[in-house]
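Structure at a glance
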Amino acid sequence: MAITEAQQNWKDVARDFAKQKLEPATGWLEGEEFWSNAKKLADHGFLGLTLPEEYGGMNLDLFEAALIIEELCRVCPTSGRHAYHASMGISSFINHLGNEEQKQKYLPQVTSGKLFVALGMSEPEAGSAATDMTTTAVDEGDHYRLNGSKVFISDAHLADLFVVYARFGNSGRTSDIGAILVERGTPGFTIGPNEENMSGEIQCALYFEDAIVPKENVLVTDNAFKKLMGVYNGVRLGFLAQTLGITQAAFDRTMDHVKQRKQFGKDIAEFQGVQWMISDMYVELEAARTLLYRAAEAAADNKPDKNAVSVAKIFVADASQRITDTCIQLHGGYGYSKQYPLEWYYRCVRAASIAGGTLQVHKTMLASDVLERRFDQRK
Ligand SMILES: Cc1cc2nc3c(=O)[nH]c(=O)nc-3n(C[C@H](O)[C@H](O)[C@H](O)COP(=O)(O)OP(=O)(O)OC[C@H]3O[C@@H](n4cnc5c(N)ncnc54)[C@H](O)[C@@H]3O)c2cc1C
């Protein structure tokens, strides 16, 4: 899919920044390295890609932001992930659903890299069936009392602020679901121990035991689930851009490898079997990029197309696994070794089939639209 000169310009800006300011990563960054990159990202405006200028953002659209995330993740996935969480991802709940006071209080801190926001949606008994969530927020006058728990919360160990989905009513319907901002240190709110996932990222559980959250922290209460999931599409697109960037990094390294690795007296790129593997990967990468850009462009034009996001999600998630797997194969024993990042790339992209809604859930939503039928998952 052709991109405009202005869009290509953002891609180039991000590529140059990543090349000059970020070290090519072979794992997720923590501690000093994480904060050092966070400062560089903030100094260059990358922590406010889609946020309005008045809060320190760059006011870019979702497509431009996705192009930048892809380029950042090609060199340093931690930095790309931070950039999308801070803008088109989790902070966008505040940007799109928050009131002016909330925006002024939190967004400038996000864009300057001082505040990290995480998202608390999934629960132990409500993953794919997100609307089965049981965390409650009970109105007690000037505050809400929260009870319940969340699981798999990415980067909770770093976060200062959490966008938490909860039930504000007791009808048992989806219309009860809304969201509230919970600050670290809130009485009754605890963050569980660090849990390392397959790629080495940290996720934590969140516990709310009579947590008292001021009323002014409410984002949305009534009939909000559709709006919340509309904003969540930005998280999905950011995650797919991250996956594509990591897959491109694996492909780039593999091209270098096949051109210099010699067997039987010649570069392995000279073997037709290898050439066909490269062409297959290239075709899938191009197709994945086209589908992702199409979904991001629709979202950027304020014509979000949930089918386009599901189509991109299904293809990018599957293709990235196949491509990174082939990259391991073409590196032979070096690909399987932890001394090289190929196996890490593979472990990273594996998440795309699960996070942001599993492939099966997206396929069901897509089929429902294609067949023009609603499928009740409970029957
Ligand atoms: C890397 C990563 C980061 C994440 N970050 C966050 C985060 O920051 N915040 C957050 O809130 N959550 C986060 N999650 C959680 C994520 O949203 C859930 O894992 C996801 O929604 C799936 O829920 P589950 O794990 O409970 O799986 P389940 O819902 O239990 O699914 C298990 C299996 O059953 C299948 N299945 C379930 N229902 C159906 C159906 N109706 N039809 C067909 N198949 C079905 C699924 O496709 C899957 O294969 C993250 C997950 C990952 C992997």
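Each value, and the rule that gives it
Residues numbered from 1 in each chain as written. Predicted model: local features only at pLDDT ≥ 70, side-chain atom pairs only at ≥ 80, totals over all residues. Heavy atoms only, no water. UniProt positions renumbered as here; feature names shortened; annotations may be inferred. Axes fitted to C-alpha atoms, helices over the stretch in contact; angles between N-to-C directions. Helix = DSSP H or I, 4+ residues; strand = E, 2+ residues; numbered from the N terminus. Parallel < 35°, antiparallel > 145°, perpendicular 65-115°, else oblique. Left-handed = near helix turned anticlockwise from the far one by under 90°. Contact = heavy atoms within 4.5 Å. Near = heavy atom within 4 Å. Polar contact = N/O pair within 3.5 Å; in protein donor to acceptor, adjacent residues only side chain to side chain. Nonpolar A, V, L, I, M, F, W, Y, C, P; charged D, E, K, R; others polar. Domains from an automatic or database assignment. Pairing = 2+ DSSP bridges. Phe/Tyr/Trp six-rings, centres within 6.5 Å; stacked < 30°, edge-to-face > 60°. Buried < 20%, exposed > 50% of the residue type's maximum accessible area, 1.4 Å probe, protein only. Lys NZ or Arg CZ within 6 Å of the ring centre and 35° of its normal. Buried area = accessible area lost by both parts, 1.4 Å probe.

The protein chain carries the name Acyl-CoA dehydrogenase in an unreviewed UniProt entry, which gives Jeotgalibacillus soli as its organism. Recorded in UniProt under Cofactor (unreviewed entry), the annotation for the protein chain is "FAD". Among the UniProt annotations of the protein chain, the heading Sequence similarities (unreviewed entry) holds the following wording: "Belongs to the acyl-CoA dehydrogenase family."

**Description of the packing of helix α9 (residues 306–331) against helix α11 (residues 342–349)**
Packing of α9 against α11 leaves a shortest axis separation of 9 Å and a crossing angle of 165°. Judged on the interaxial angle alone, α11 and α9 are roughly antiparallel. Handedness of the α9/α11 crossing: left-handed. Across the interface between the two elements, Ser-320, Gln-321, Thr-324, Asp-325, Cys-327, Ile-328 and His-331 from α9 touch Leu-342, Glu-343, Tyr-345, Tyr-346 and Val-349 from α11.

**Here we look at the site of the ligand**
Among the 18 residues in the neighbourhood of the ligand, the closest are listed as Ser-122, Ser-128, Thr-358, Gln-360 and Gln-377. Contact between the ligand and Ser-128: an oxygen atom at 2.6 Å from a side-chain N or O atom of the residue. In this structure, a nitrogen atom belonging to the ligand sits 2.6 Å away from a side-chain N or O atom of Gln-377. For the shell around the ligand, the element with the highest residue contribution is strand β3 (residues 143–154), accounting for three residues. Class assignment of the residues belonging to the shell around the ligand gives a composition of seven nonpolar, 10 polar and one charged. Two domains each put at least three residues into the shell around the ligand: domain 2 (117–223) and domain 3 (226–371).

**Remarks on the pairing of β3**
Bridge count between strand β2 (residues 136–139) and β3: four bridges; the pairing is antiparallel. The residue of β3 that forms the bridge with Val-138 is Arg-145. Where β2 folds back onto β3 in an antiparallel hairpin, the turn is made up of three residues, including Gly-141, whose phi is positive at roughly 90°. In this structure, β3 lies alongside strand β8 (residues 202–214), joined through 10 bridges in antiparallel fashion. Across the sheet, Leu-146 pairs through a bridge with Ala-211, a residue of β8.

**Overview of the packing of aromatic side chains**
Scanning the entire structure with this criterion turns up 13 aromatic pairs. Here Phe-251 and Tyr-282 contribute two aromatic rings whose centre-to-centre distance is 6.4 Å and whose plane-to-plane angle is 40°, an arrangement assigned as tilted. Of the two residues, Phe-251 is situated in helix α7 (residues 225–260) and Tyr-282 in helix α8 (residues 272–300); the sequence distance between them amounts to 31 residues. Among the residues examined, Phe-251 registers a relative accessible area of 8% and is labelled buried. By relative accessible area, which is 44% here, Tyr-282 ends up partly exposed. Among the aromatic residues, those joined into a ring-pair cluster are Trp-28, Trp-344 and Tyr-345. The residue whose ring lies beneath Arg-81 is Trp-28, and the NZ or CZ to ring-centre distance is 4.3 Å. Here the guanidinium or amino end of Lys-215 rests over the ring plane of Tyr-144, the centre of that ring lying 5.4 Å away.

**Notes on the environment of Val-75**
Tracing the sequence through the fold places Val-75 in helix α3 (residues 62–75). As for Val-75 and Lys-19, which are separated by 56 residues in sequence, their C-alpha atoms are 7.2 Å apart. Among all residues touching Val-75, those that are not within four sequence positions of it are Ala-18, Leu-22, Glu-23, Pro-24 and Ala-25.

**A closer look at the domain arrangement of the protein chain**
Taken domain by domain, the protein chain comprises domain 1 (5–111), domain 2 (117–223) and domain 3 (226–371). Placing a centre on the C-alpha atoms of domain 2 and another on those of domain 3 gives a separation of 30 Å. With 11 residues of domain 2 at the contact, the number on the domain 3 side is 10 residues. Across the domain 2/domain 3 interface, buried area totals approximately 920 Å², and carbon plus sulfur atoms make up 69% of it. For domain 2, the biggest contributors to the area lost against domain 3 are Tyr-165, Met-198 and Ser-199; these three give 48% of the whole. There are two residue pairs in polar contact (both at pLDDT 80 or more) connecting domain 2 and domain 3. For the side of domain 2 that touches domain 3, the element with the most residues is strand β5 (residues 177–183), which contributes three residues. Along the lines of polarity and charge, the residues of the side of domain 2 that touches domain 3 split into seven nonpolar, four polar and no charged.

**Thoughts on α11**
Quick reminder: α-helices carry 3.6 residues per turn. Residues three or four places apart thus point the same way. The buried fraction of α11 is high, at six of eight residues. The complete set of buried residues in α11 reads Leu-342, Glu-343, Trp-344, Tyr-345, Cys-348 and Val-349. On its buried face, α11 sits against α4 (77–86), α7, α9 and α10 (333–336).

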